[in-house]
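# Summary of structural features
Listed here are the chains, written in short residue letters.
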Amino acid sequence: MYSKLCTAGIVCVSSLVLFSSAALPVAAQHDGMNGPPPVLVIQREVLKPGKGGSLHQKSESAFVRAMSDAKWPTHYIAMDSLSGPSRSLFLIGYPSFAAWEQDNWATRKNKTLSGAVDRAAIADGDLLSSYESSAHRLREDLSLNSRGLKGVRYFEIIQFNLRPGHEKEWDELVQIYKDGMAKTGTDSHWDMFETVYGVPPYGAAGGSYLVVSLMKSLAEEDASMVNGKKFADAVGASGMEKIGKLSAACVASETTNIFEINPRMSYPMPEWVSDEPDFWKTAPVPATKKPAPKPAP
C-alpha cells in the first residue's frame, strides 16, 4: 500500500484493476489492464483449520478445469489470506449487474458446466467452515488514479463500515484525501467500492466501502509511513484535525487485511497469461478423487 495515513481512518492505496470478460457478447468486456470493473463480486471461503494450502488448491483446481473445459468467458482471481482467519477470496468483475445476472443464467443452462461445478462444490465444501458472497459497485468519484494488474502479487483490502446517516461526512473525508495526496507528489492511487449486497463482514447498517490496494511487493507497505508524513505536511495541522473529526463522525469500524494472489486457484484471462506467462501458467495441482454426489435428503 502506498500510504496509510496516521489515525485518520482511511488509506491511500493503489487501484483494483481486474477482471472478467463479459458473460455474453452483448456486454462490454474488461481485459483487466485498462480499468476496474463497474461491478465486483467477491466470494469468500473460510477454511477449517488445517484445510488450506495444497488441499484447497487441489479442490479448487476442479472448478478451474470445469471453466476451462467449457471455455467460459467469465474469469476470476483467487487470493489467499496472509492475515486474519484462514480464507480465500474469489474476485469476479462485471460491466453491470445485468451481466452478472446473465452469467448466472448462462451457467445454469450449461448442464455440463453446472454439473461439474456442483461436483466440485461437494468436495470443496468439506474443507470450509463458511461461505458467503457480496456484490459491490465501483465509486469512481471516490477513487484515484487507477492502475494496471501487471506485476501485482498482493491485494490489501480495507473495509470501512459507516455510521447510519453519515455518508456526506464520508464523501467529504475521502475528497480531502484525494486533494491532499495530489499535493504530495507521491504515486498514490486507489479504487473504492461501495457494498450493494452482502452479509457480514461486508454489510453494515450505515453502508460499507472497500478500499483496495494492489501491490507488486510487500516492500510497498514500508513506504507508507514516508507518504503518510508527506500527506500530513501537505494538509497541515488544521486539515489533520478536520480529518480526525470527520472520521470519528462517520466511521463505525475499519478492518485491514492482506491477501496473496494464488494463480493455481485462479481462472485468468488469456491476456493476463500472455502478459505474464511465468506467473499465470502454473502447472495445475493434481486433483484428488472426488466423492460421489450425496443423495438428496
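The structure we're discussing is the one just above.
For the rest of this paragraph, the subject is unusual backbone geometry. Of note in this structure, Lys71 is not a glycine but carries a positive phi near 50°. By secondary structure assignment, the location of Lys71 is in the loop between helix H1 (54-69) and strand S4 (77-81).

Here we come to the pattern of salt bridges. Opposite charge on two side chains lets them pair, provided their charged atoms get close. Going through the model one piece at a time under the given rule, you end up with 9 salt bridges. Note that Glu132 and Arg44 form a salt bridge whose closest N and O atoms lie 3.3 Å from each other. Of this pair, Glu132 sits in strand S6 (residues 128-138) while Arg44 sits in strand S3 (residues 39-47), and the two are 88 residues apart along the sequence. The burial state of Glu132 is the same as that of Arg44; both residues are buried.

Bringing helix H6 (residues 224-250) into the picture now. Relative to the 39 Å expected for 27 residues at 1.5 Å per residue, H6 spans just 24 Å between its end C-alpha atoms, considerably shorter than the ideal helical length. At Gly236, H6 shows its largest bend, some 105°.

Let's shift gears to the side chain of Asp103. Summarising the element assignment, Asp103 is placed in helix H2 (residues 97-109). The charged side chain of Asp103 is buried without a salt bridge, its nearest counter-charge being Arg108 at 10 Å. A distance of 2.9 Å separates the side chain of Asp103 from the side chain of Trp72, its partner in a polar contact.

To continue, consider the environment of Ser114. Relative to the assigned elements, Ser114 resides in helix H3 (residues 111-125). Taking the C-alpha atoms as reference points, Ser114 and Ala66, separated by 48 residues in sequence, lie 8.6 Å from one another. Not counting chain neighbours up to four residues away, the residues in contact with Ser114 comprise Thr107 and Arg108.

Here the focus is the sheet that holds S3. The strand order around the closed barrel formed by 8 strands is S3-S5-S4-S10-S7-S9-S8-S6, and the pairing between neighbours is antiparallel. When strand polarity is set aside, the average angle formed by the axes of neighbouring strands in this sheet is 35°. Across 8 bridges, the pairing between S3 and strand S5 (residues 87-94) is antiparallel. Each residue of the ladder has a partner; that of Val41, found in S5, is Ile92.

Attention now goes to the packing of helix H4 (residues 167-184) against H6. Running from amino to carboxyl end, H4 crosses H6 at an angle of 170°, the nearest separation of the two axes being 10 Å. Regarding the angle of H4 to H6, the classification is roughly antiparallel. Along the contact surface, H4 presents Glu169, Trp170, Glu172, Leu173, Ile176, Tyr177, Gly180, Met181, Lys183 and Thr184, while H6 presents Lys230, Phe231, Ala234, Val235, Lys242, Ile243, Leu246, Ser247, Ala249 and Cys250. Residues of the contact of H4 with H6, tallied by class, amount to 12 nonpolar, 3 polar and 5 charged.

Angle between the axes and distance between the axes are the two parameters that describe a pair of packed helices. Running from N to C, H2 and H3 point in directions that differ by 90°, and their axes come no closer than 5 Å. Classed by the angle they form, the pair H2 and H3 counts as roughly perpendicular. Residues Thr107, Arg108 and Lys109 of H2 form the contact with H3, whose participating residues are Lys111, Leu113 and Ser114. In terms of residue class, the contact of H2 with H3 is built from 1 nonpolar, 2 polar and 3 charged.

On to the pairing of S5, then. Taken residue by residue, a regular strand's side chains alternate between the two faces of the sheet. Taking burial as the measure, the 8 residues of S5 include 8 buried ones, the bulk of the element. Residues of S5 alternate between two faces, with Arg87, Leu89, Leu91 and Gly93 on one and Ser88, Phe90, Ile92 and Tyr94 on the opposite face, all of them buried. Note: S4 against S5, 4 bridges, orientation antiparallel. If you follow Ala78 over to S5, its bridge partner there is Phe90. Taken together, S4 and the strand that follows it, S5, pair antiparallel across an intervening segment of 5 residues, in which Gly84 is found at a positive phi of about 75°.

About the thresholds
Residues numbered from 1 in each chain as written. Predicted model: local features only at pLDDT ≥ 70, side-chain atom pairs only at ≥ 80, totals over all residues. Heavy atoms only, no water. Helix = DSSP H or I, 4+ residues; strand = E, 2+ residues; numbered from the N terminus. Salt bridge = Lys/Arg side-chain N within 4 Å of Asp/Glu carboxyl O. Buried < 20%, exposed > 50% of the residue type's maximum accessible area, 1.4 Å probe, protein only. Expected span 1.5 Å × (residues − 1). Bend = angle between axes of the 7 residues up to and from the residue. Lys, Arg positive; Asp, Glu negative; His and termini not counted. Polar contact = N/O pair within 3.5 Å; in protein donor to acceptor, adjacent residues only side chain to side chain. Contact = heavy atoms within 4.5 Å. Pairing = 2+ DSSP bridges. Axes fitted to C-alpha atoms, helices over the stretch in contact; angles between N-to-C directions. Parallel < 35°, antiparallel > 145°, perpendicular 65-115°, else oblique. Nonpolar A, V, L, I, M, F, W, Y, C, P; charged D, E, K, R; others polar.

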